[in-house]
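Geometric and topological summary
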Amino acid sequence: MKVLQLIDSLEAGGAERVAVNYANGLVHMIDASYLCTTRAEGLLKGELNKGVGYLFLNKKKTIDVKAIKRLHQFIKNEDIDIIHAHGSSFFLATLIKLLQPKLKLVWHDHYGKSEFLKQRPKQMLKLCSRFFNHIFSVNSKLETWAKTTLKVKSVSYLPNYAVKNNNALTTKLKGVEGKRIVCLANLRPQKDHLNLLKAFKAVLKTEPMWTLHLVGQDFNDAYSKSIFEFINLNKLETSVFIYGSCADTSAILQQCTIGVLSSKSEGLPLALLEYGLAGLPVICTNVGDCSLVMSHANEGQLIEAQNSILLKKALIEYINNIEKSKLAAVCLKEKIEMQFSEDTTLIKVKTVYKTI
């Protein structure tokens, strides 16, 4: 069995990390594991296992004949059996399947706005879904949506899993040790950093020594600009620090005290799993399938989205109750290691591959 993970880029996003994790994790479980990035490379290229066959297409437009031919030939030469397409790469995967009908096509739905599925563009996806052999959905809402909206009989829920990266520490965080809050999320509107900034501003009134650290890709757009404007207008420059996309995330988390996600919408965020693996107490909004990861109060604080008052209270509670926060961190880590592990997930994936 030979499987190719197909992804649009290798920037440090959730879907991209999943594709890299699968390519790496499957190396010793199948005959050959490959990864193809279509549009751009990025930080995650450095995390690919040496045993993973790699291809970069440098695709320039939606229908790039040169890129299509190159991928088609690569799959033919390597005798690849299955394309596992992540996110929006389903379109290219469908074109390749039309050229090679015997090829099996798995689509992995990472859609991050699962709270707003009614607004999701679906016409092209619905058309292409006729050629999918299986769909993996990263949360239960997406699973239900796929079963009721798309033209595929075989759909299953597959939670994300996280692995610690071994990249050496290169990002030294500012602020006082033991008083750092981290938010590991690309600067996208659904991550709702502004809600977090409002809550943190209120925290500083009683806890001025604490600092907030935002780690994730800056797309230099209007949303990013609004974050920097909020920080400047509220004179938070000495308390809030933005680092951009970083390759040494596991090492960064070891420097932090509390992990937080303030998203309006999620699938099943890898950051939440990464916080847990790092042994951090976590505060997270109750969106997507976050409640499956933190299903009990002793595993972390799950709060209402877009509510800076509740977020501030949750932060203060962990700041003022170190023992409670440490206990939550231990419970969450144990759960993630047992229920959201690499081995458990990849066995499920391989079973589906065999079935199709």
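Notes on the structure in this doc start here. (Residues numbered from 1 in each chain as written. Predicted model: local features only at pLDDT ≥ 70, side-chain atom pairs only at ≥ 80, totals over all residues. Heavy atoms only, no water.)

A word on the sheet that holds strand E6 (residues 134-137)
Applicable threshold: For two strands to count as paired, DSSP must find a minimum of two bridges between them. To qualify as a helix, a DSSP run of H or I must reach at least 4 residues; to qualify as a strand, a run of E must reach at least 2; elements of each kind are numbered from the N terminus. A fitted line through C-alpha atoms represents every axis, and for helices the fit uses only the stretch in contact; the resulting angles, taken between N-to-C directions, go from 0 to 180 degrees.
Across the sheet, which stays open at both edges, the 7 strands sit in the order E3-E2-E1-E4-E5-E6-E7 with parallel pairing between neighbours. Edge strands, defined here as strands with exactly one partner in the open sheet, are strand E3 (53-56) and strand E7 (155-157). Each strand axis lies, on average, 20° off the axis of its neighbour in the sheet, ignoring direction. Taken together, the 7 bridges between strand E1 (residues 2-9) and strand E2 (residues 32-40) define a ladder with parallel strand orientation.

Topic: empty space enclosed by the protein
Here is the rule we go by: The pocket and cavity definitions rest on a 1 Å grid over protein atoms only: a 1.4 Å probe that fits but cannot leave marks a cavity, an open set with protein on both sides within 12 Å along at least five of seven lines marks a pocket, and residues lining either have an atom within 4 Å of a point. Grid points are joined across faces, edges and corners, and a volume is the space filled by probe spheres set on the points. Put simply, Ala, Val, Leu, Ile, Met, Phe, Trp, Tyr, Cys and Pro go in the nonpolar bin, Asp, Glu, Lys and Arg in the charged bin, and everything else, Gly too, in the polar bin.
A full pass over the atoms with the stated rule returns 1 cavity of 30 Å³ or more. The wall of the largest cavity is formed by Val-163, Lys-164, Ser-250, Leu-253, Gln-254, Glu-274, Leu-277 and Ala-278. Residue assignment for the lining of the largest cavity shows that the elements contributing at least two residues are helix H8 (249-253) and helix H9 (270-277). Across the lining of the largest cavity, the residue classes break down as 4 nonpolar, 2 polar and 2 charged.

Considerations on the packing of helix H6 (residues 193-203) against helix H7 (residues 222-233)
Going by this rule: Roughly parallel means an angle under 35 degrees; roughly antiparallel, over 145; roughly perpendicular, 65 to 115; everything else is oblique. Throughout, a residue-residue contact means that at least one pair of heavy atoms, one from each residue, lies within 4.5 Å.
Viewed as axis vectors pointing N to C, H6 and H7 meet at an angle of 10°, and their least axial separation amounts to 10 Å. Relative to H7, the element H6 lies roughly parallel. In this structure, H6 uses His-193, Leu-194, Leu-197, Lys-198 and Lys-201 to contact H7, whose residues at the interface are Tyr-223, Ser-226, Ile-227, Phe-230 and Ile-231. Partitioning the contact of H6 with H7 into residue classes produces 6 nonpolar, 2 polar and 2 charged.

A look at the environment of Arg-39
Formally: Categorising residues by exposure relies on relative accessible area from a 1.4 Å probe, with only protein chains included: less than 20% of the type maximum marks a residue as buried, more than 50% marks it as exposed, and the intermediate range marks it as partly exposed.
Looking at where Arg-39 falls in the secondary structure, it is placed in strand E2. In this structure Arg-39 comes out as partly exposed when scored by relative accessible area, which is 34%. Excluding residues that lie within four positions of it along the chain, Arg-39 makes contacts with Asp-8, Phe-56, Asn-58, Lys-59, Lys-60, Lys-61 and Thr-62.

Here we look at the packing of H9 against helix H12 (residues 322-339)
Here is the rule we go by: Left-handed is the label given to a crossing in which the near helix is rotated counterclockwise from the far helix by less than a right angle, and right-handed is the label when the rotation is clockwise.
Between H9 and H12, the shortest axis-to-axis distance is 8 Å and the interhelical angle comes to 115°. With respect to the hand of their crossing, H9 and H12 are arranged in left-handed fashion. Facing Leu-272, Leu-273, Gly-276 and Leu-277 of H9, the residues of H12 in contact are Leu-332, Lys-333, Ile-336 and Glu-337. Broken down by class, the residue content of the contact of H9 with H12 amounts to 5 nonpolar, 1 polar and 2 charged.

Details of the nonpolar core
Rules: Among the buried residues, those of types Ala, Val, Leu, Ile, Met, Phe, Trp, Tyr and Cys that are joined through side-chain atoms within 4.5 Å form a nonpolar core.
By size, the foremost hydrophobic cluster in this structure holds 75 residues, and its most contacted members are Tyr-275, Ile-283 and Val-293. The contacts of Val-293, once residues within four sequence positions are left out, are Leu-268, Leu-272, Leu-273, Glu-299, Leu-332, Lys-335, Ile-336 and Phe-340. Among the nonpolar cores identified, the runner-up in size contains 37 residues, and Phe-91, Leu-92, Leu-103 and Tyr-111 belong to it.

Quick notes on the layout of surface pockets
There is about 290 Å³ of room inside the second largest pocket. In this structure, the second largest pocket is lined by 17 residues; those nearest its centre are Asn-24, Glu-47, Val-163, Lys-164 and Asn-165. The set of elements that each furnish at least two residues to the lining of the second largest pocket consists of helix H1 (14-25) and H9. In terms of residue count, the dominant contributor to the lining of the second largest pocket is H1 (3 residues). Within the lining of the second largest pocket, the residues separate by chemical class into 4 nonpolar, 8 polar and 5 charged.

Focus on the pattern of salt bridges
What counts, and what does not: One side-chain nitrogen of Lys or Arg within 4 Å of one carboxyl oxygen of Asp or Glu is enough to make a salt bridge.
The final tally for this structure, using the stated rule, is 8 salt bridges. Here Glu-266 makes a salt bridge to Lys-191, at a shortest N to O gap of 2.7 Å. A residue pair is termed long-range when its members are at least 10 positions apart, and Glu-266 in the loop between strand E11 (258-261) and H9 and Lys-191 in the loop between strand E8 (180-184) and H6 qualify at 75 residues. Given a relative accessible area of 5%, Glu-266 falls into the buried group. Lys-191 gets classed as buried once you look at its relative accessible area, which sits at 17%.

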